[in-house]
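Residue-level structure breakdown
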Amino acid sequence: MPARQLGENKMALFNILSTAIVSGINFITIPVFTRMLDTSGFGLINVYTAWVQVGTIFVGLQANGSIASARANLPESEQGSYQISVLVMSLIPFSVILGLAVLLIQPLSSLLLMPPPLIICAVLQSFGAFVVSLFSMRYIFRKQAQLNLLISVGLCVVTTLLSVVLILFVFSDAESAFYGRAYGLMLPNLVLGIALFASLVFSGNARVRVAYWRFCLGLTLPLIFHALSQIVLAQTGKLAIQQFSGDSAAGVYSIAVVVVSLMAAIYSALNNAFVPFMYDDLSGKTGEGVKQDHFRNYMRLFTVGSLAFMLLSPEVLKLMSPESYWTATSLLPPLIVGQYCVFLYSFPVNYEFFKMKTGSIALGTLLAAALNIVLTLMLIPVFGMMGAAFATMVAYLFLFLFHFSIARFWLGDRNYPSRYLFGGLAVVVLAAAGCYALGSLLAVRWAIGVVLLVYAGARVVRTRQIF
């Protein structure tokens, strides 16, 4: 195997491992924290982490989302200066948000139903998380995947261990244990964020240029709406079911979402690894044959993996939960089809990022979020949880079709054959329908699923290529 190809595969493997390991640790530690925190504390921490997600969007103004476009459109010699410039820029919204949080701490506490210390904690973690995410993108596009792996996995391990220690030895009272989890999340993110920030500031190889702020904001301001809409897309079904049917139904629906999040984590890992290949291909650094090989290999791997996951997922859900949750297995096929649409959408949306057309990216997500809300409110009263699952699936299908149309007919994207995209979608939809017919035939489903996994794994081993 040529040295270049070997290096590419090694980089892809590190990027995939970083996301997969972090997702795996977060997944297997859910039972730990549900037992260390009471139900109110666990609920409060989930509210806290949701606000951290929102805070990270506004603190960093989504500047981490501009790293790929800057990489494609600015000379290599300017990358360091661009990155330090946007990091310094983030100090402005961070200072404003932190100042407002301090001044309005009591009204915010009443509005958000959170203790005042957690509000300050959320702002501080948001800043650290933004810096870490920007450096993660920096390492991915500098093809320093081992550093991305080290930081991602290391941060996840430290936040988990510190949270456990704080809950056991500092906040051992059940009524205050949630502080241990919150501080365990915040402190490592903040310390690592400051250290990474300082490492670039004192490197001596870059300087702040205000001109880069305009370049960045022109790309990222629409991404703020995009990111907020993604949160709406992810949370609408769960919140609406709680309102219509109560906490128990929301819990059953949530376990299906958690299972499908395994597939989402695999997609995220593969997408992070694939984008640098894709941008090299689109920039003309590789030949047409190599570009098509990368695409076909990725399509084949994820499609086969999705089919296998769909067949095996009911038993994964049953292993994770008691029998009272098992009715959620019927929700898995439409949710998995929706996640497959997210995979398909990544091809046109990554092209839009490459072309720096972030306005259309935000518009598509806003429309999909609005569609999800409308369909959810219409379907839940009639079909219950299944209505929410199908609303989510249709919203993500719309997201793919919208961006496919934008990339293909407005931006002239002809890089990847549409027959592969729509062919893969047709196969996965048919498999979803077939899963209902094979629902009780466990041996048949597992036999087909295992064969598909062996095929996908054997092909990667034989060709020594992920993409």
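Residues numbered from 1 in each chain as written. Predicted model: local features only at pLDDT ≥ 70, side-chain atom pairs only at ≥ 80, totals over all residues. Heavy atoms only, no water.

1. Observations concerning the overall build of the chain
Counting its secondary structure elements, the chain contains 17 helices and 0 strands. For the chain, the proportion of its 467 residues judged to be buried stands at 51%. Nonlocal contacts in the chain, meaning residues at least 24 apart in sequence, comprise 83% of its contacts between residues at least 6 apart. Surface exposure of the chain reaches about 20500 Å², of which carbon and sulfur atoms provide 70%. (Helix = DSSP H or I, 4+ residues; strand = E, 2+ residues; numbered from the N terminus. Buried < 20%, exposed > 50% of the residue type's maximum accessible area, 1.4 Å probe, protein only. Contact = heavy atoms within 4.5 Å. Areas by Shrake-Rupley, 256 points an atom, 1.4 Å probe, with all protein chains shown as cover.)

2. As for the nonpolar core
Note on soluble globular proteins: their nonpolar side chains tend to be buried together. Counting 121 residues, the largest nonpolar core has Tyr48, Tyr340, Phe343 and Phe347 as the members making the most contacts within it. A per-element tally of this core places helix α13 (residues 332–354) first, with 15 residues. Apart from the residues lying within four places of it in its own chain, the contact partners of tyrosine 48 are Met114, Leu118, Cys121, Ala122, Gln125, Ala182, Leu185 and Met186. Among the nonpolar cores identified, the runner-up in size contains 5 residues, and Ile25, Leu149, Val153 and Cys156 belong to it. (Core = buried A, V, L, I, M, F, W, Y, C linked by side-chain atoms within 4.5 Å.)

3. Considering a nonpolar patch on the surface
Taken together, Ile92, Val96, Leu100, Leu103 and Leu104 make up a surface patch of nonpolar side chains, about 490 Å² in accessible area. Along the chain, the position of isoleucine 92 falls in helix α5 (residues 79–103). In this structure isoleucine 92 comes out as partly exposed when scored by relative accessible area, which is 47%. (Patch = residues over 30% accessible without salt bridge, like charges linked within 9 Å, V, L, I, M, F, W, Y side chains within 5 Å. Salt bridge = Lys/Arg side-chain N within 4 Å of Asp/Glu carboxyl O.)

4. Here's the deal with the pattern of salt bridges
For the coordinates displayed, the defined rule picks out 1 salt bridge. Notably, a salt bridge pairs glutamate 315 with arginine 445, separated by 2.9 Å at the nearest N-O pair. Remark: arginine 445 occurs in helix α17 (residues 442–463) and glutamate 315 occurs in helix α12 (residues 288–320); sequence separation between them is 130 residues. Judged by relative accessible area, arginine 445 falls into the buried class, the value being 3%.

5. Some points on the packing of aromatic side chains
Per the stated rule, a full pass over the model turns up 27 aromatic pairs. Both rings, one in phenylalanine 171 and one in tyrosine 179, keep their centres 5.9 Å apart while their planes meet at 35°; by these two values the pair is tilted. For the pair formed by phenylalanine 171 and tyrosine 179, the shared burial category is buried. A centroid spacing of 4.5 Å and a plane angle of 20° characterise the contact between phenylalanine 295 and tyrosine 416, whose relative ring orientation is stacked. Here phenylalanine 295, found in helix α12, pairs with tyrosine 416, found in the loop between α15 (385–410) and α16 (418–437); they are 121 residues apart in sequence, far enough to count as distant. Given a relative accessible area of 4%, tyrosine 416 falls into the buried group. Members of the aromatic cluster, connected to one another through ring pairs, are Tyr267, Phe274, Phe295, Tyr298, Phe302, Tyr340, Phe343, Phe347, Tyr416 and Tyr420. Over the aromatic face of tryptophan 326 sits the side chain of lysine 318, whose NZ or CZ is 5.4 Å from the ring centroid. (Phe/Tyr/Trp six-rings, centres within 6.5 Å; stacked < 30°, edge-to-face > 60°. Lys NZ or Arg CZ within 6 Å of the ring centre and 35° of its normal.)

6. Describing the packing of helix α8 (residues 145–169) against helix α9 (residues 177–201)
Viewed as axis vectors pointing N to C, α8 and α9 meet at an angle of 145°, and their least axial separation amounts to 8 Å. The two elements α8 and α9 cross, and the hand of that crossing is right-handed. Packed against α8, whose contacting residues are Ile151, Leu155, Val158, Thr159, Thr160, Leu162, Ser163, Leu166 and Ile167, the element α9 presents Ala177, Gly180, Arg181, Tyr183, Gly184, Leu185, Leu187, Pro188, Asn189, Leu192 and Leu196 at the interface. Its residues assigned to classes, the contact of α8 with α9 comprises 13 nonpolar, 6 polar and 1 charged. (Axes fitted to C-alpha atoms, helices over the stretch in contact; angles between N-to-C directions. Left-handed = near helix turned anticlockwise from the far one by under 90°. Nonpolar A, V, L, I, M, F, W, Y, C, P; charged D, E, K, R; others polar.)

7. Notes on empty space enclosed by the protein
Enumeration over the complete set of coordinates arrives at 2 cavities of 30 Å³ or more. The space that makes up the second largest cavity amounts to roughly 60 Å³. Lining the second largest cavity, in full, are Phe347, Pro348, Phe404, Ala407, Arg408, Asp413, Tyr416 and Leu421. If one sorts the elements of the lining of the second largest cavity by residue count, α15 sits on top with 3 residues. Of the residues assigned to the lining of the second largest cavity, the class counts are 6 nonpolar, no polar and 2 charged. (1 Å grid on protein atoms, 1.4 Å probe; cavity = no way out; pocket = protein on both sides within 12 Å on 5 of 7 lines; lining within 4 Å. Points joined across faces, edges and corners; volume = space filled by probe spheres on them.)

8. Side note on the packing of α13 against α15
Following both chains from N to C, one finds α13 and α15 inclined at 20°, their axes separated by 8 Å at the closest point. Here α15 runs roughly parallel to α13, going by the angle between their axes. Crossing hand, α13 versus α15: left-handed. Class assignment of the residues belonging to the contact of α13 with α15 gives a composition of 21 nonpolar, 3 polar and 1 charged. (Parallel < 35°, antiparallel > 145°, perpendicular 65-115°, else oblique.)

9. Looking at the side chain of arginine 138
Mapped onto the secondary structure, arginine 138 falls in helix α7 (residues 116–141). Glutamate 76 is the oppositely charged side chain nearest to the buried, salt-bridge-free arginine 138, at an N-O distance of 8.0 Å. Setting aside chain neighbours within four positions, we find arginine 138 in contact with Ile67, Gln83 and Leu200. (Lys, Arg positive; Asp, Glu negative; His and termini not counted.)

10. What to know about unusual backbone geometry
The residue leucine 61 is not glycine, and still its phi comes out positive at about 50°. If you trace the backbone, leucine 61 turns up in the loop between α3 (39–60) and α4 (67–73). Positioned with a positive phi, glutamine 62 is a non-glycine residue whose angle comes to about 60°. Position of glutamine 62 among the secondary structure elements: in the loop between α3 and α4. In this structure glutamine 62 comes out as buried when scored by relative accessible area, which is 15%.

11. Things to note about α13
Its 23 residues place the ends of α13 33 Å apart at the C-alpha level, agreeing with the 33 Å of an ideal helix rising 1.5 Å per residue. Of all the bends in α13, the largest measures some 35° and sits at serine 346, one to four residues before the proline proline 348. Taking burial as the measure, the 23 residues of α13 include 23 buried ones, the bulk of the element. Positioned one or two residues after α13, methionine 356 has a phi angle of 60°, which is positive. (Expected span 1.5 Å × (residues − 1). Bend = angle between axes of the 7 residues up to and from the residue.)

12. Comments concerning the side chain of glutamine 79
Residue position: glutamine 79 is located in helix α5. Within the structure, the side chain of glutamine 79 is placed 3.0 Å from the backbone oxygen of alanine 70, a separation counted as a polar contact. Separated by 3.3 Å, the side chain of glutamine 79 and the backbone oxygen of proline 75 make a polar contact. Every residue in contact with glutamine 79, bar those within four places of it in the chain, is listed here: Ala70, Arg71 and Leu74. (Polar contact = N/O pair within 3.5 Å; in protein donor to acceptor, adjacent residues only side chain to side chain.)

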